[in-house]
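# Report on the structure
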Amino acid sequence: MLMENKNVFNWIEEKLSPDFCTSEEFIYNEMESQSDFGLPIIYQPFDYTKSLHWADRGNLFDYLYSTGGEGKKLLDFGPGDGWPSLIVAPYAKEVIGLDSSAKRIEVCTENAKRMGITNASFINYEVGTKLPFEDNTFDGVMAASSVEQTPNPKKTIEELYRVLKPGGRLRIYYEALNNYKGGQENDFWIAGLGSGLCKLILFDRNIDDEYVIQYGLTIEMSEEELSKKISLDGKDSFDNINISFLENIKSKIINVKACKTIHPSGKTYMSWLKDVGFKEILPSHSGRIAAYKLFQQFTDENIPKDLDSIDELIKKVVKVAIELKAPIDMDPMITAVK
Ligand SMILES: C[S@@+](CC[C@H](N)C(=O)[O-])C[C@H]1O[C@@H](n2cnc3c(N)ncnc32)[C@H](O)[C@@H]1O
């Protein structure tokens, strides 16, 4: 089965000659919202009946406490839709979100304005250049699923170290490729681009070699139309995307890009953080899972309903979770202290 999938990738390279580009050119510059407008607080009111909304609050306090960010100056590296910057900002002195995608900065800035947040600002910079800050600028740095999206993740960590103050703390959430082992090495996703267009993204995850190649085919079809074509017997499966399927839709493919990113495992992250100079490095449990599990302790009858009471409970479990060492790649979050 894996062999057939490799043939699909070979076919795309041979027949469609994709342009290889950076991740922001590949996708982040195109998306109106990375979360499909689903983020609590940023796009939707908090809903106490939704476990994922509790998990999001857990995430907020995770980043806040792990970075020591209360009342401090924080950097959010690669903020996407303004996450976590916009939910952390009310508790920090100042948050700066830095992204190489101009589109993401536009979206983050609009979201901050709509939410009335005045202590978060967003800056665009050119990929591959030094981060536009002096040494020792920030008390804490948050990097959520962003370091492995940069062309040179180790260099990125060096830069994050440089801009942190001595004693400053970095909290990284990374995509642990190990969690895709056993069936999700090759996978796909369809992003709606509006105006009757969608993007079929095929993932070739080379887990042991710690890199991923994504192929992005922009197709003149709506997201729904393409999903319908791919799903057989109601089942969406990567196996349904074979060469004859691609031959069939070839005339509708109007753009083809590819992006190769280095995806360090937790072990590699740990060794790079150490090489770069961080003194204390802790792979820990996450506030996200702690808050999710807390939610599961309640029944419909006894669940707290107001955000303040919920936050008070979540803060307590998060403070414990983030200090607890976790098996590498499990949650997967790492705190590193300069
Ligand atoms: C997977 S998204 C994560 C967004 C957000 N932090 C979240 O968790 O929802 C990755 C983000 O990293 C940004 N990014 C990609 N390459 C970057 C680079 N070289 N420097 C800074 N940000 C980058 C993307 O534009 C995007 O906003």
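For the structure, see preceding data.
Residues numbered from 1 in each chain as written. Predicted model: local features only at pLDDT ≥ 70, side-chain atom pairs only at ≥ 80, totals over all residues. Heavy atoms only, no water.

## Quick look at the overall build of the protein chain
Formally: Here a helix means four or more residues in a row that DSSP labels H or I, a strand means two or more in a row labelled E, and each is numbered from the N terminus. In this setup the radius of gyration rests on C-alpha atoms only. A globule is expected at 2.2 Å times the number of residues raised to 0.38. Between buried and exposed lies partly exposed: a residue is buried under 20% and exposed over 50% of the maximum accessible area for its type, with that area taken using a 1.4 Å probe on protein chains only. Whether two residues are in contact is decided by their heavy atoms, any of which lying within 4.5 Å being enough. Note that His is not counted, nor are the chain ends; the positive residues are Lys and Arg, and the negative ones are Asp and Glu. To locate a charge, take atom NZ for lysine, CZ for arginine, CG for aspartate or CD for glutamate.
A tally of helices and strands in the protein chain yields 11 helices and 12 strands. Taking 20 Å as the expected radius of gyration for a compact globule of 338 residues, we find that the protein chain reaches 21 Å, a close match to that expectation. Taken along the three principal axes of its C-alpha coordinates, the protein chain extends 55 × 50 × 40 Å. Counting every position in the protein chain, which comprises 338 residues, the buried fraction comes to 53%. Across the protein chain, the fraction of contacts at a sequence separation of at least 24, relative to all contacts at a separation of at least 6, is 76%. A distance of 5 Å separates the average location of the 39 positive side-chain charges in the protein chain from that of its 52 negative side-chain charges.

## Remarks on the packing of aromatic side chains
Short version of the rule: Any two of the Phe, Tyr and Trp rings considered here, Trp counted by its six-membered ring, make a pair once their centres fall within 6.5 Å; the pair's planes then place it as stacked at under 30 degrees, edge-to-face at over 60, or tilted in between. Over a ring means this: the NZ of a Lys or the CZ of an Arg is within 6 Å of the ring centre and within 35 degrees of the ring normal.
Counted by the stated rule, this structure contains 11 aromatic pairs. Ring geometry for Phe61 against Tyr65: centres 6.0 Å apart, planes inclined by 25°, an arrangement best described as stacked. Here Phe61 and its partner Tyr65 are both found in helix 3 (residues 51-66), four residues apart, which amounts to about one turn of the helix. When sorted by exposure, Phe61 lands in the same class as Tyr65, which is buried. Grouped by ring-pair contacts, the aromatic residues Phe9, Tyr215 and Phe238 constitute a single cluster. The ring of Phe26 has Lys199 lying over it, and the distance from NZ or CZ to the ring centre is 4.8 Å. Its guanidinium or amino end placed over the ring of Tyr161, Lys338 lies 4.7 Å from that ring's centre, counting from NZ or CZ.

## Examining the site of the ligand
Cut-off, in case you're wondering: The cutoff for a nearby residue is simple: one of its non-hydrogen atoms must lie within 4 Å of the molecule or strand. Side-chain atoms alone can form a polar contact between residues adjacent in sequence; in general such a contact is a pair of N or O atoms within 3.5 Å, and within protein one must be able to donate a hydrogen while the other accepts it. Per-residue and other accessible areas follow the Shrake-Rupley method at a 1.4 Å probe size, with only the shown protein chains counted as cover for residues. In this classification, Asp, Glu, Lys and Arg are treated as charged, Ala, Val, Leu, Ile, Met, Phe, Trp, Tyr, Cys and Pro as nonpolar, and every other residue, Gly included, as polar.
Taken together, 20 residues sit near the ligand, with Gly78, Asp99, Ser100, Tyr125 and Ala144 positioned nearest. Separating a nitrogen atom of the ligand from a side-chain N or O atom of Ser23 is a distance of 3.5 Å. Protein burial of the ligand: of its 600 Å² of free accessible surface, 90% is covered by the chains. Along the lines of polarity and charge, the residues of the shell around the ligand split into eight nonpolar, 10 polar and two charged.

## Things to note about a negative patch on the surface
Keep this limit in mind: Note on patches: the residues involved have over 30% relative accessible area and no salt bridge, like charges join within 9 Å, and the nonpolar side chains Val, Leu, Ile, Met, Phe, Trp and Tyr join within 5 Å. Put simply, a salt bridge is a Lys or Arg side-chain nitrogen that is within 4 Å of an Asp or Glu carboxyl oxygen.
A cluster of like negative charges, contributed by Asp36, Glu223, Glu224 and Glu225, occupies part of the molecular surface. With respect to the element layout, Asp36 can be found in the loop between helix 2 (23-28) and helix 3. The class of Asp36 is exposed, set by a relative accessible area of 65%.

## Topic: the nonpolar core
The following threshold applies: In this text, buried Ala, Val, Leu, Ile, Met, Phe, Trp, Tyr and Cys residues form a nonpolar core when linked through side-chain atoms within 4.5 Å.
Among the nonpolar cores identified, the biggest contains 36 residues, and Trp54, Val88 and Ile314 are the most heavily contacted of them. For this core, the elements supplying multiple residues, two or more each, are helix 3, helix 4 (85-88), helix 5 (102-115), strand 4 (120-124), strand 5 (138-144), helix 10 (287-296) and helix 11 (307-321). Top contributing element to this core by residue count: helix 3, with six residues. Discounting residues that sit within four places of it in the chain, Ile314 has contacts with Trp54, Arg57, Gly58, Phe61, Ala291 and Leu294.

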